[in-house]
Each structure stands twice: as C-alpha cells, then as structure tokens.
Amino acid sequence: MTVKHATRSSEVVAAYAAAKSRADAEEAVRHCTDDFVVDTVAFGISIEGREANRASFEAFFGVFPDYGAALEGTAGDGEELASWGTIRATMRGPFGSIAPTGRRFELPYACVWRVRDGLLAYEQFFFDLHQMCEQLGLEAPAVLAEIHGARS
C-alpha cells in the first residue's frame, strides 16, 4: 500500500530524488538548505552542508553514474516525513582503491526527512550495505574501510 500526501514537503523530496536519479548533483542540492545533513546509516557517516553534499554526490555518481531512486511512497506532512522505494545502480567507477565490478545492485531503501522553509534540511538514509556489497561482488568491510579512510 502506498501512502502519499500531496504537500510541498513531499514535492521537494520528489524533486531531490529525481535530480539524484539523473546524477545531477547541482540540481539535487538546489532543494537543500545551506546546512543540509545527509546521515547515511549503512555507511556510518553524516555529511553536513550543501557544498560538502554536492561533492559527495558527485563522487558517488562517478562510481554509480546510472544511480536511480524510485520513490514508491511518502508519508507525513509538514516538516517531517518518511519515504521508501528502490535504489538501483551499476558500479562503473572505482570506489577509492576498489576497482569497479560492472555489477548492479537493486535494494529497498527508506529515508526520514526534515524540511525547513520549503527546503530539505536533513536526510537519514537507510539501506542494507551487506546486500548491496553482495550484489556488487564486494566485501562490506573493504567498502567501509574506503569510506572511513577517505574521511580521516
């Protein structure tokens, strides 16, 4: 069952997801506050600020240029909402020192959002890292080491 409330908040979430699905980092961050935070639970990282998130998105799209997020449902109203759907991507670029596998993943995801003044202020992003790595032919500890090593 899909729950959808037509609100400005759900529209900004949909516009952001559509921009990311086109690998358009510039358009994605246009829908975000200057202090926008993305908390990617599976990776154990939070990135704060519009510019830092733009750089993070651009790096991610270099690895997964065909990234797509199918937004299947949104619930909530006003400043707080949740959404869910399916993410898909093919690993075409290197992930730090990890060579591209050319393999594809398809996973369910969920997000919790905070909207402020019509812009995204916070995204908490949930997906199964181990399932993603299995589909890509990667070891999760190696992926996490690359992520955390790059942030040191």
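In this text the structure is predicted, and so the values were computed from the model without any measurement.

*Asks:* What's the story with the overall build of the protein in this structure? I'm lost.
*Replies:* When you go through the protein residue by residue, the secondary structure sums to 5 helices and 6 strands. Shown N-terminal to C-terminal, the secondary structure of the protein runs as helices and strands in the order α-α-β-β-α-β-β-β-β-α-α. For 152 residues, the compact-globule estimate of 2.2 N^0.38 gives 15 Å, and the protein sits close to it at 15 Å. C-alpha extents for the protein along the principal axes are approximately 40 × 35 × 25 Å. Counting every position in the protein, which comprises 152 residues, the buried fraction comes to 44%. For the protein, restricting intrachain contacts to residue pairs at least 6 apart in sequence, the fraction spanning at least 24 positions comes to 56%. Per element, the accessible surface of the protein, about 7400 Å² overall, is 52% carbon and sulfur. If you average the places of the 14 positive and of the 22 negative side-chain charges in the protein, the two averages end up 4 Å apart.

*Asks:* Just to check I follow, could you spell out the sheet that holds strand S2 (residues 45-48) for this structure?
*Replies:* Where strands meet in a sheet, backbone hydrogen bonds hold them as pairs that are either parallel or antiparallel. Within the open sheet, the 6 strands sit side by side as S2-S1-S6-S5-S4-S3. Their pairing is mixed. Strands at the two margins of the open sheet, each flanked by one partner only, are S2 and strand S3 (68-77). Sheet twist, expressed as the average angle between the axes of neighbouring strands with direction ignored, equals 15°. Taken together, the 4 bridges between strand S1 (residues 32-40) and S2 define a ladder with antiparallel strand orientation. Residue Val38 lies in a different strand from S2, and its bridge partner there is Ile47. Each of S1, S2, strand S4 (80-90) and strand S6 (119-126) touches helix H3 (residues 50-63); the most contacted strand, S1, lies at about 50° to it.

Calculation notes
- Residues numbered from 1 in each chain as written.
- Predicted model: local features only at pLDDT ≥ 70, side-chain atom pairs only at ≥ 80, totals over all residues.
- Heavy atoms only, no water.
- Helix = DSSP H or I, 4+ residues; strand = E, 2+ residues; numbered from the N terminus.
- Rg over C-alpha atoms; globule rule 2.2 N^0.38 Å.
- Buried < 20%, exposed > 50% of the residue type's maximum accessible area, 1.4 Å probe, protein only.
- Contact = heavy atoms within 4.5 Å.
- Areas by Shrake-Rupley, 256 points an atom, 1.4 Å probe, with all protein chains shown as cover.
- Lys, Arg positive; Asp, Glu negative; His and termini not counted.
- Charge placed at Lys NZ, Arg CZ, Asp CG, Glu CD.
- Pairing = 2+ DSSP bridges.
- Axes fitted to C-alpha atoms, helices over the stretch in contact; angles between N-to-C directions.

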